[in-house]
Amino acid sequence: MKRFTKMKCLFALFLLAPLSALAKPSVVATTSDLGSIAREVGGDDVEVTVLARPTQDPHFVDAKPSLVLTLSRAEALLLTGLDLEVGWLPVLITSSRNPKVQRGAPGYLDCSTLVTLLEVPTQKIDRSMGDVHAGGNPHYAKDPRNGALLARGIAERLAQLFPDKAAGFRERATRLEMELKAKLAGWEAALKPFAGTPLITYHRSWIYFTRWTGLREVGQVEPKPGLQPSAGHVAQVLQTVRAEKVPAILQEDWYAASTSELIARNGGAKLLRVPGMPGDRQRYVDYVQQLVDALLSGLKR
Amino acid sequence: MRSTVHGALALGAWLLGAPALAQDAGVPDAGVSLEEIEKALAADAPPPPAPSLPQAIGAVVQSLNPDLSLIADVALAAMPGGERFGAGAHDPARTGFNLQQLELAASAAVDPFFRFNANLVFSKFGVEIEEAYATSTSLPFRLQLRAGQFLTRFGRQNSTHLHAWTFSDAAFALARVFGAEGNRGVGAELSYLAPLPWYVEAVASLTEADGEASARSFMGARELPVRGPADLQLTTALKQFHELSDAWSLAWGLSWASGPASTGYRNRTEVYGADLYLKFRPLGDDPTVVALQLETLHRRRQVPHGVLTDWGGYAQLSWRWTLPWSVAGRYELGTPEIGGAGALDPQWVSARQRVSAAVTYEPTEFSRVRLQAASDFLGWETRPRLSAFLMFEVSVGAHGAHPF
């Protein structure tokens, strides 16, 4: 009898565990830029979890089983797409056993479909060009104008998934759009004097940002996307920095700094190491502000 | 002549317009003129998409073909002490150049309910189906079904492929218990993800017990008429994962396999396994990855007059201190078989130990060069057998992500 009671308790635990987890619908974002926007749009109506840590290069995330567990409980999955997460996300999705987040399900939102993409190949590509993305450059969230589009697109998808909370999603998205619009004017005015300023970046992950800010990207520390810098390439970049009088090198803090420091030191440039993603619980607007502030501090002589 | 042409054109126009007229003839009078409706329809219609080159490329690339990838492993080997003993089927086996394997991997969604994966391995003398299975994606109650030919999820290394290993050869503990190909078979597997706060997965599979990949413990080359579930290999595993911190991860599992043995009528073999994987990978710009992997197997084989038991296992430690370099060391042990009097196989009476070290250079995720050396202490020989090889691996195409 005692054994039977124990069994009943165990069975109840198995039944209750998922119920407690479903108190609020769970929305999972692969990266914290999408997570930050989703958190703002979702408000108190959803629980947003981010799979990759903000200080982790989203190209190389371990497909930890704990992430499978997170995804197994999700009502929706927001991903960057364009193969940014190809090295870890597909196995998590399949292992999650969750039909709601499988490709093609309403809960699966590839956010690259919400914005206009850059660097969509116009010729046959292969990996001799480095780790290029066949669908286009996936770092679109670094342009705040895309941030507004993402907020709108995410709100619409959440509204479709949870119609009873649609008004809230749309209202919060509109509020974020308005806030971004208001801030854009200030950011653009502050950055205007630096339009056309040459800039070196580490990886081709800033093209949306430099297009918006009007800066001119004249090279990368990486010889090709995903490749470690070679001595010859570093010498070439250094030459560009000197010839073009490049004032700054911009890179995400998950890339090693010593090569960029060497170039900056010898080329008379500043190294700007900035967070590659919004931090835990950081608002998207504050993240863009942080990027703009860092850039302004680096460009002012 | 001109009027004839005009007449023909008018007839053609009337004929082309006839279906539309026929359609409109049945339209009820809505109190609005057709022109007005057409104007409204035209206003609502989306603008025709402007053809662009990216779209043109997208249309060509977009297909329902599976994602394909090819992975080639070749090795230049030196084995001064003679050929390697009891090796995995795709280990470099002799001095000189060895084609370890060419793997063709294909994967795609079958429909909204299943995914399909196939791994075909081409070697110098033929092709083998390493794996070909469908995986369910939408079963209720957090269940997942796999059906087809697959590597069983016994332990940690068995279900993985050569290119995912830290060393370029199979751990001999696995080859000795399951055969040179690792443990696999045609069958079905059901797994369950427990709704607990940490990752707990229970796996059970039933597979055919014959074929090379079940050799040495189960039926091997002998074909067995299957009269009931007892004539199949049953494999169960419990897998757990703990995220100790952002940097530290711990995965461990317990496995058990049971099936008919070829040693005699109704003889059975049971294999018990335990595995542990501890990984340190800090966040940020630190490229360090340190991983400790341990696996142990205990086998009990029924023979006509008793039970043979033995132990085997390995421990390996890998360390990537900078990109793109990493080093690894491995120790392997196989005990002699207790109860193996009058043994035909020297492994039954003497222990075997092997020590290996490897240095890997990995310029990208798609290519890798590895220098590996090993000293194999076979208990029944006076001198260790030494081996060294330089392995080169390249991978092209869209290869799927690997599990943790």
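Everything that follows concerns the structure shown earlier in this document.
What this report covers is the structure whose coordinates are included nearby. Everything numeric in this text was worked out from a predicted model, so none of it was measured.

**Side note on the packing of helix H2 (residues 32–42) of chain A against helix H6 (residues 166–191) of chain A**
All names here are of chain A. Look at H2 against H6: their axes get within 7 Å of each other, and the N-to-C directions meet at 125°. It follows that H2 is oblique to H6 by the angle criterion. Residues Ile37, Glu40, Val41 and Gly42 of H2 pack against Gly168, Phe169, Arg172, Ala173, Leu176 and Glu179 of H6. Grouping the amino acids of the contact of H2 with H6 by side-chain chemistry returns five nonpolar, two polar and three charged.

**Quick look at the pairing of strand S4 (residues 126–136) of chain B**
Walk down a regular strand and you will see the side chains alternate between the two sheet faces. All names here are of chain B. Bridging between strand S3 (residues 114–123) and S4 involves 10 bridges; their strand directions are antiparallel. Residue pairing for S4: Arg115 is matched across the bridge by Thr135. As consecutive antiparallel partners, S3 and S4 are separated by two residues. Examined bridge by bridge, S4 and strand S5 (residues 143–151) share four bridges and lie antiparallel to one another. Residue Thr135 lies in a different strand from S5, and its bridge partner there is Arg146. Count of turn residues in the S4/S5 antiparallel hairpin: six residues, of which Phe141 carries a positive phi of about 55°.

**Details of the sheet that holds strand S1 (residues 26–29) of chain A**
All names here are of chain A. The parallel open sheet is built from four strands, whose spatial order is S2-S1-S3-S4. The open sheet has two edge strands, strand S2 (47–50) and strand S4 (108–110), and neither has a second partner. Within the sheet, the average angular offset between the axes of one strand and its neighbour, ignoring direction, is 20°.

**Here we look at the interface of chain A and chain B**
Each partner contributes to the interface: chain A provides 44 residues, whereas chain B provides 43 residues. Carbon and sulfur atoms supply 58% of the area that chain A and chain B bury against each other, a total of about 3400 Å² over both sides. The salt bridge partner of Asp285(B) is Arg273(A), with a shortest N-O separation of 2.9 Å. Inspection of the region where chain A meets chain B yields 16 residue pairs in polar contact (both at pLDDT 80 or more). For the side of chain A that touches chain B, the secondary-structure elements that each account for two or more residues are helix H1 (2–21), helix H3 (65–72) and helix H4 (89–96) of chain A.

Quick notes on the rules
- Residues numbered from 1 in each chain as written.
- Chains lettered and ligands numbered in written order.
- Predicted model: local features only at pLDDT ≥ 70, side-chain atom pairs only at ≥ 80, totals over all residues.
- Heavy atoms only, no water.
- Axes fitted to C-alpha atoms, helices over the stretch in contact; angles between N-to-C directions.
- Helix = DSSP H or I, 4+ residues; strand = E, 2+ residues; numbered from the N terminus.
- Parallel < 35°, antiparallel > 145°, perpendicular 65-115°, else oblique.
- Contact = heavy atoms within 4.5 Å.
- Nonpolar A, V, L, I, M, F, W, Y, C, P; charged D, E, K, R; others polar.
- Pairing = 2+ DSSP bridges.
- Buried area = accessible area lost by both parts, 1.4 Å probe.
- Salt bridge = Lys/Arg side-chain N within 4 Å of Asp/Glu carboxyl O.
- Polar contact = N/O pair within 3.5 Å; in protein donor to acceptor, adjacent residues only side chain to side chain.

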